[in-house]
Amino acid sequence: MGAMEQPIQPVPLTPKIAAVLKIFLEDPTKPRYGLELMRLTGQPSSIVYTNLAKLERAGYLVAGKEDIDPHAAGRPARRFYRITGAAVAVARTQLAALSEQYRPPVPVRPRLAPNWGTR
Amino acid sequence: MTAFLWAVVVLAGMFLSAALGDLVSEEIRGWLDKLPQAVLRLAAGRLDPAFRESIYQDEWLPELVYALRGDESRPITRLIRGTTFALGLLFAARRIARNRIPVSATPAAAGPVMAAAKEQFIHHFLVALANGEQADVSVVLSEPMDANAGDTLSGLAIAQALARRGYPAEPTTVTVVEVRRHPSREARPDPTR
């Protein structure tokens, strides 16, 4: 069932948000869990869940509930997040811009004089 | 004979202390398992009531339970992992809840009174709803709320309607498309200024 996606309100990318988005972009169809993102990014729960809330509010992510029978599984269903179709393009563009911003400049090689070494 | 009695007493003492040791460690393990959940409940206490259910019950608690199940054989790892997870949420609870508040009002529709401080106003407004206060504004929402356009709903009624819809857990968010001051409150100063 296609839940209505809200329009994206671009979030300024910090390196920590970028790390989370990068994981979502690795497989945009794959649902991701907070704990999993903590493990993959090495970020604490305080950062991961704040950024997930931020990204969900901005329309990058939609949340859903794990499809399990809590009684059979012996635990409650977890909440997962998935990146929206519209956010994939936005996030890719933002990550590319961020990467460009942090890319170190190409070192300038000193040009050798034509007669260098002939003396 | 005395030596034999001593040996029996020592043996019995050893069995008893082993059994007691097991009981004590079991007791401590039980209490330690409750520590992360207690910290998480503290964190939930820092949330606005309107979001407590959706954040604590739907997300935090299931994640903690899942995290703790993975290390059943290692109580110390379980304790550290669970407590770290819960402490992080304790410190960030208010920030997380603040970021869950939908801010999707159209500034133009919100009118000149609200336009300047749209986000701040809506934050205060939703917090007031969450606390069960009577709202001093009339709100037009894009989602059906069992009310007709122009009706004045109490803050509690709106909060309950939002909670019934599982908001804000559902991806289809309720959008505040217009926030107007109640005519009788027109003369009051803007509380967000």
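Quantities reported herein were computed from a predicted structural model and do not represent experimental measurements. Per chain, residues are indexed from 1 in the order of the written sequence. As a convention, the first chain written is A and the first ligand written is 1, with the rest following in written order. Reporting in this predicted model follows two pLDDT cut-offs: at least 70 for local features of residues, and 80 or more for side-chain atom pairs to be given and counted; totals over whole chains, interfaces and linings ignore these cut-offs and use all residues. Side-chain descriptors were evaluated using all non-hydrogen atoms of the structure, hydrogens and water having been removed beforehand.

**Student:** Sorry, what's going on with the overall build of chain A here?
**Tutor:** Where helices and strands are cited, they refer to DSSP runs of H or I of at least four residues and of E of at least two residues respectively, numbered from the N terminus. Tallying secondary structure elements over chain A gives five helices and three strands in all. For every residue, the accessible area (1.4 Å probe, protein chains only) is compared with the maximum for its type, and the residue is labelled buried under 20%, exposed over 50%, or partly exposed between those bounds. Taken over 119 residues, chain A has a buried fraction of 42%. Contact criterion: two residues are considered in contact whenever any of their non-hydrogen atoms come within 4.5 Å of each other. In chain A, the share of contacts with a sequence separation of at least 24, taken over all contacts with a separation of at least 6, comes to 57%. The protein chains shown are the only cover counted for residues, whose accessible areas, like all others here, come from Shrake-Rupley with a 1.4 Å probe. Surface summary for chain A: the accessible area is close to 7,300 Å², and the carbon and sulfur share equals 60%.

**Student:** Mind showing me how you'd approach the pattern of salt bridges here?
**Tutor:** Residues and elements named next belong to chain A. Any carboxyl oxygen of Asp or Glu that lies within 4 Å of a side-chain nitrogen of Lys or Arg is treated as forming a salt bridge with it. Within the structure shown, the criterion is met by eight salt bridges over all chains. A salt bridge links Glu36 to Arg32; its shortest N-O distance comes to 2.9 Å. The same class applies to Glu36 as to Arg32, namely buried. Arg103 is paired through a salt bridge with Glu100; the nearest N and O atoms lie 2.8 Å apart. Taking relative accessible area as the criterion, Arg103 reaches 47% and is therefore assigned partly exposed.

**Student:** So what exactly am I meant to see when it comes to the sheet that holds strand β3 (residues 79–83) of chain A here?
**Tutor:** Sheets are built from strands paired through backbone hydrogen bonds, the pairs being either parallel or antiparallel. All names here are of chain A. When DSSP finds at least two bridges between two strands, those strands are taken to pair. Taken in spatial order, the three strands of this open sheet run β1-β3-β2, and their pairing is antiparallel. Of all strands in the sheet, those with a lone pairing partner are β1 (32–33) and β2 (61–65), marking the two edges. By the bridge criterion, five bridges tie β2 to β3 in an arrangement that is antiparallel. Bridged to Leu61 within β3 is Ile83.

**Student:** How should the interface of chain A and chain B be read in this particular structure?
**Tutor:** It is common to report an interface's size as the accessible area lost on association of the parts. Contacts between chain A and chain B engage 27 residues on the former and 27 residues on the latter. When two parts are brought into contact, each loses some accessible area as probed by a 1.4 Å sphere; the total of that loss over both is the buried area. Across the chain A/chain B interface, buried area totals approximately 2,400 Å², and carbon plus sulfur atoms make up 55% of it. Per-residue buried area on chain A facing chain B is highest for Tyr49, Arg57 and Arg79 of chain A; these three make up 27% of the total on that side. For this analysis, a polar contact is any N or O atom pair within 3.5 Å, provided that within protein one partner can donate a hydrogen and the other can accept it, and provided that sequence-adjacent residues contribute only side-chain to side-chain pairs. Across the chain A-chain B interface, the total number found is 10 residue pairs in polar contact (both at pLDDT 80 or more). Of all the secondary structure elements, the ones that give two or more residues to the side of chain A that touches chain B are α2 (34–41), α3 (45–57), β2 and β3 of chain A. The element best represented in the side of chain A that touches chain B is α3 of chain A, accounting for eight residues.

**Student:** Explain the nonpolar core to me, please; I cannot follow it from the model alone.
**Tutor:** Soluble globular proteins tend to bury their nonpolar side chains together. Core analysis: the largest hydrophobic core is formed by 52 residues, its most contacted members being Leu52, Tyr60 and Ile83 of chain A together with Leu40 and Trp60 of chain B. Looking at which element gives the most residues to this core, the answer is helix α2 (residues 49–69) of chain B, with nine residues. Those residues in contact with Tyr60 of chain A, other than ones at most four positions away along the chain, are Ile8, Gln9, Pro10, Val11, Leu21, Leu55, Arg82, Ile83, Thr84, Ala87, Val90 and Gln94 of chain A. Among buried residues, the Ala, Val, Leu, Ile, Met, Phe, Trp, Tyr and Cys ones that are joined through side-chain atoms within 4.5 Å form a nonpolar core.

**Student:** What is the right way to look at the pairing of β3 of chain A in this model?
**Tutor:** Look at any regular strand and the pattern is simple: side chains alternate between the two faces of the sheet. Residues and elements named next belong to chain A. Most of β3 is tucked away: four of the five residues are buried. Note that β1 and β3 share two bridges and pair antiparallel. Following the sheet pairing, Tyr33 is matched in β3 by Phe80.

**Student:** Sorry if this is basic, but what is going on with the confidence of the model for chain B here?
**Tutor:** Residue and element names in this part refer to chain B. Residues at a pLDDT of 70 or more form 50% of chain B, whose mean pLDDT is 68. A score between 0 and 100, pLDDT records how confident the predictor is in each residue. Predicted confidence is poor over residues 104–117, with pLDDT under 50, and the contacts of this stretch with residues over four places away or in other chains come to 22 contacts. Segment residues 168–193: pLDDT under 50, and 76 contacts once partners within four positions in sequence are set aside and those in other chains are kept. Predicted complex metrics record ipTM = 0.80 and pTM = 0.63.

**Student:** Sorry, what's going on with the packing of helix α1 (residues 15–26) of chain A against α3 of chain A here?
**Tutor:** To describe two helices that pack against each other, one gives the angle between their axes and the distance between the axes. Residue and element names in this part refer to chain A. Relative orientation of the contacting elements α1 and α3 amounts to 70 degrees, with a least axis distance of 10 Å. The angle between α1 and α3 places the two elements in the roughly perpendicular class. Residues Lys16, Ile17, Val20, Leu21 and Phe24 of α1 pack against Ile47, Asn51, Leu52, Lys54 and Leu55 of α3. Note that Gly is not counted as nonpolar here; it falls among the polar residues with everything else outside the nonpolar set of Ala, Val, Leu, Ile, Met, Phe, Trp, Tyr, Cys and Pro and the charged set of Asp, Glu, Lys and Arg. Classifying every residue of the contact of α1 with α3 gives seven nonpolar, one polar and two charged. Inter-axis angles, ranging from 0 to 180 degrees, are taken between N-to-C directions of lines fitted to C-alpha atoms, where helices are fitted over the stretch in contact. For this classification, under 35 degrees means roughly parallel, over 145 means roughly antiparallel, 65 to 115 means roughly perpendicular, and everything else is oblique.

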